[in-house]
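Descriptive structure summary
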Amino acid sequence: MTAAPDRSTVGGTLLAAAERFGDREALVYDGRRATHEGLLEQAIERARALIGLGVRPGDHVGVLMPNCWDYVILYHAISLVGARAILLNARYKSDDLAYVIPKARLRFLFVGGHAHEHCDYRPMLRAAFPGLDGRGGGPLALPEAPALETLIELGDPREGPWPNETVLTGVATGISRDDVLSRAAVVAPDDVGLMIFSSGTTSRPKACMLTHRSLCLTGAAFAERFRLTPDDCIWDPLPLFHMSTMLPLAACRASGACFIGMGHFDADAAMDLLRAERPTIHYAAFPAIVSAITSHPDFEYYDQSRLRVSHVVGPPDLLRRYAAFFPGAVAVNAYGLTEATGVPCYSRLDDPEEWLFETNGALFDGMETCVTDEEGGPLPDGETGEIRLRGFAVFAGYYDDPEATARAVTSDGWLRTGDLGRIGPGGRLVYEGRLKDMLKVGGENVAAIEIENFLMTHPAIRMAQVIGVFDERLMEVAAAYVELEPGAAMTAEDVVLHCVGNIAGYKIPRYVRFVTIWPMSATKVQKFELQRDFEPVGKIDVTAQARMISSPAKAGVQSES
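All values derive from a computational prediction rather than experimental measurement. (Residues numbered from 1 in each chain as written. Predicted model: local features only at pLDDT ≥ 70, side-chain atom pairs only at ≥ 80, totals over all residues. Heavy atoms only, no water.)

1. Looking at the overall build of the protein chain
Across its full length, the protein chain carries 18 helices and 25 strands. Relative to the 2.2 N^0.38 estimate, which gives 24 Å for 561 residues, the radius of gyration of the protein chain is 23 Å and therefore close to what a compact globule would have. In terms of principal-axis extent, the alpha carbons of the protein chain reach across some 75 × 60 × 55 Å. Counting across all 561 residues of the protein chain, residues that qualify as buried make up 57%. The contacts of the protein chain with a sequence gap of at least 6 include a subset with a gap of at least 24, amounting to 68%. With the model as given, the accessible surface of the protein chain reaches about 22,400 Å², and the carbon-plus-sulfur share is 52%. (Helix = DSSP H or I, 4+ residues; strand = E, 2+ residues; numbered from the N terminus. Rg over C-alpha atoms; globule rule 2.2 N^0.38 Å. Buried < 20%, exposed > 50% of the residue type's maximum accessible area, 1.4 Å probe, protein only. Contact = heavy atoms within 4.5 Å. Areas by Shrake-Rupley, 256 points an atom, 1.4 Å probe, with all protein chains shown as cover.)

Here it is in structure tokens:
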């Protein structure tokens, strides 16, 4: 008899959900539906193919795909066989991919062509790894990514140079369901199950390692905080490479609730989905999504009678404004970061209204926080300092970067978040901005230095400095201050065109300012002066610039990506 997987592993929670909740609905995605039993069986079927491909426990399996059904199944299959799922940002471009794929030492990479009309990874990967063009049969042999042996495309209807779904059917022959469950049974709770890249302040993104235990405990705590039951349905249109989906998925496994996702957020499709499914939880999280829904002409016809929780983050006035659109739901705020397994802090559903809007909520039981001064000394409640966290949700460190891990986590287990905040009323946490030189664009962490370094690859740019500025839709966007080489000439649009197609769209500056003199301290540019003097004029439509590259004759004014 095969041993049962530990229920503090992702595979263990998947099996437990199938046993406990069986024919209750677990997943709605791309017009498809699955029960908890059905989700398990599809994950096992895909896990058979992974074993047949030669995926071993601990292997790094990359996923570069748009939101889709295949993504959810593949993630669970990777977890079942004891490999590490490396979820790559679907917005990455060739420059990003050329860094993260070798950095993560991927052995396998699954690429999704489901939305190739809008996001085609083939030319990006060829640009990042020229050796992919001339490959023959057998394992890959890329000098730029020596660990990468196998690349498989899923969901792409085009003829292509790399193996696709058909190879998975053949390799699964001879691999049984029991073989998969045997592999799942030896996965340990403290094994790393998931890695997601998170930007740092002084270098390229670093891969955050999250254990099965932290994922499962945080998912269970989420389910408890939101009071989830098998009757709940969570609408979550956010990207699957982000903890804003991985965490709700974990909560659904813990509680028997149903996860309703979207391949791509579109206001019309979202409104149709909401009216059809009538979820009990909105996990929209970001104001841009809520704004698109509440301003939709069909919003008045949306039956909200089942809706009981609406999760959005933002400043108090904005939260109050959006809460008025969902009068029967509790407006839940939050605070988190990838290094703390996504979000270990949410409002409590019975918090008074003032706390819901004015604070970021309470830490989960088993997590603790303190606010410190620059030397690490604790500050009294109400005073602003660096937020530190400790407990089960703290990550296992940065992959292959012990020095950065040691800087992030103290010897006694405190995670230095690099965020500013204070302890507010009721012991609730209040987030007040970043201590680090970071931007948070539409929920994505971006290091200013990462954008600066890329801008300075242009031969005409001598120096670049980037700050974050307020944006109504994305909360924050990049503004670039640029000094040109003597005799060089560029327009703001030229600077943006240098970025389009080379770095992820959310990293591209929406504002460009040309300077010849910098506000300096003894050795550094004083960014606070750039921030103080910034005026929000001359915003650049990044999507229109991208369309000029792909189809100059058809370029016109479009909404931003």
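2. What to know about the packing of helix 2 (residues 36-53) against helix 6 (residues 165-172)
One way to put it is that helix 2 packs onto helix 6 with a least axis distance of 8 Å and a crossing angle of 80 degrees. As the angle between them shows, helix 2 and helix 6 are arranged roughly perpendicular. Between helix 2 and helix 6, the residues in contact are R46, R48, A49, G52 and L53 and L168, V171 and A172, respectively. Along the lines of polarity and charge, the residues of the contact of helix 2 with helix 6 split into five nonpolar, one polar and two charged. (Axes fitted to C-alpha atoms, helices over the stretch in contact; angles between N-to-C directions. Parallel < 35°, antiparallel > 145°, perpendicular 65-115°, else oblique. Nonpolar A, V, L, I, M, F, W, Y, C, P; charged D, E, K, R; others polar.)

3. As for helix 15 (residues 448-455)
With six of eight residues buried, helix 15 is to be regarded as a mostly interior element. A448, E450, I451, E452, F454 and L455 are the residues of helix 15 that are buried.

4. Points about the packing of helix 8 (residues 212-225) against helix 9 (residues 243-255)
Running from amino to carboxyl end, helix 8 crosses helix 9 at an angle of 75 degrees, the nearest separation of the two axes being 7 Å. What the angle tells us is that helix 8 and helix 9 run roughly perpendicular. Between helix 8, through L215, T218, G219, A220, F222 and A223, and helix 9, the contact on the second element is made entirely by M243, L247, P248, A250, A251, A254 and S255. Its residues assigned to classes, the contact of helix 8 with helix 9 shows ten nonpolar, three polar and no charged.

5. Concerning the packing of aromatic side chains
Tallied over the entire structure, the rule returns 14 aromatic pairs. Taken together, a centroid distance of 5.8 Å and an interplanar angle of 45 degrees make the contact between F222 and Y283 tilted. Of this pair, F222 sits in helix 8 while Y283 sits in strand 11 (residues 281-285), and the two are 61 residues apart along the sequence. The class for F222 is buried, based on a relative accessible area of 0%. The exposure class assigned to Y283 is buried, which follows from its relative accessible area of 1%. Aromatic pair F299 and F326: ring centres 5.7 Å apart, planes at 85 degrees, arrangement edge-to-face. Taken together, the positions of F299 in the loop between helix 11 (287-294) and strand 12 (309-312) and F326 in the loop between helix 12 (316-323) and strand 13 (330-332) put the pair 27 residues apart, joining distant regions of the chain. Given a relative accessible area of 11%, F299 falls into the buried group. Look at F326 and you get buried, because its relative accessible area is 4%. An aromatic cluster of three or more residues is present, and its members are F222, F226, Y283, Y346 and F364. It is K206 that lies over the ring of Y398; its NZ or CZ is 5.0 Å from the centre. (Phe/Tyr/Trp six-rings, centres within 6.5 Å; stacked < 30°, edge-to-face > 60°. Lys NZ or Arg CZ within 6 Å of the ring centre and 35° of its normal.)

6. Overview of the nonpolar core
With 191 residues, the main nonpolar core has I101 and L125 as its most contacted residues. The residues contacting I101, other than those within four sequence positions of it, are L88, L106, L109, L125, F129, A145 and L148. (Core = buried A, V, L, I, M, F, W, Y, C linked by side-chain atoms within 4.5 Å.)

7. Topic: the pairing of strand 5 (residues 108-112)
Of all five residues that make up strand 5, five are buried, and the element is covered over most of its length. Residues F108, F110 and G112 line one face of strand 5 and the alternating positions L109 and V111 line the opposite face, and both faces are buried. In terms of strand pairing, strand 3 (residues 60-64) meets strand 5 through four bridges, oriented parallel. Paired with V61 across the two strands is F108, which belongs to strand 5. Judged from the five bridges that link them, strand 5 and strand 6 (residues 150-154) form a sheet pairing that is parallel. (Pairing = 2+ DSSP bridges.)

8. So, the pattern of salt bridges
Counting across every chain of the model gives 36 salt bridges. For D303, the salt bridge goes to R278, with nearest N and O atoms at 3.3 Å. A residue pair is termed long-range when its members are at least 10 positions apart, and D303 in the loop between helix 11 and strand 12 and R278 in the loop between helix 10 (267-277) and strand 11 qualify at 25 residues. We classify D303 as partly exposed; its relative accessible area is 38%. (Salt bridge = Lys/Arg side-chain N within 4 Å of Asp/Glu carboxyl O.)

9. Overview of the side chain of T245
Its place among the elements puts T245 in helix 9. Among residues more than four places away in sequence, those in contact with T245 are D236, L238, P239, L240 and F259.

10. What about the state of the cysteines?
The tally for this structure, following the rule as stated, stands at zero disulfides. C216 supplies the cysteine sulfur nearest to C208, a cysteine that is in no disulfide, at a spacing of 18 Å. No disulfide involves C233; its nearest neighbouring cysteine sulfur is the one of C258, lying 4.8 Å away. (Disulfide = S-S within 2.5 Å.)

11. Quick notes on the sheet that holds strand 5
Taken together, the six strands give an open sheet; going across it, the order is 6-5-3-4-7-8, and neighbouring strands pair in mixed fashion. In the strand order of this sheet, the two ends are held by strand 6 and strand 8 (206-211), each with one partner. When the angles between neighbouring strand axes are averaged without regard to direction, this sheet yields 20 degrees. As judged from the three bridges shared by strand 4 (residues 84-87) and strand 7 (residues 192-198), these two strands associate in the parallel manner.

12. Section: helix 8
For helix 8, built from 14 residues, the straight-helix expectation of 20 Å at 1.5 Å per residue is met to within 8% by its first-to-last C-alpha distance of 20 Å. Burial analysis of helix 8 places ten of its 14 residues in the buried class, the great majority of the element. The set of residues buried in helix 8 consists of H212, S214, L215, C216, T218, G219, A221, F222, A223 and R225. Where helix 8 ends, the next residue or the one after it, R227, has phi of about 55 degrees, a positive value. (Expected span 1.5 Å × (residues − 1).)

13. Thoughts on the environment of L349
With respect to the element layout, L349 can be found in the loop between strand 15 (342-346) and helix 13 (353-358). When sequence neighbours within four positions are dropped, the list of residues in contact with L349 reads R225, F226, R227, R308, V309, V330 and V332.

14. Notes on the environment of S94
Mapped onto the secondary structure, S94 falls in helix 4 (residues 94-103). Its relative accessible area of 12% is what places S94 among the buried residues. Measuring from C-alpha to C-alpha, the distance between S94 and C233 comes to 37 Å, with 139 residues separating the pair along the chain. S94 has contacts with M124, A127, A128, G501 and N502, leaving out every residue within four places of it along the chain.

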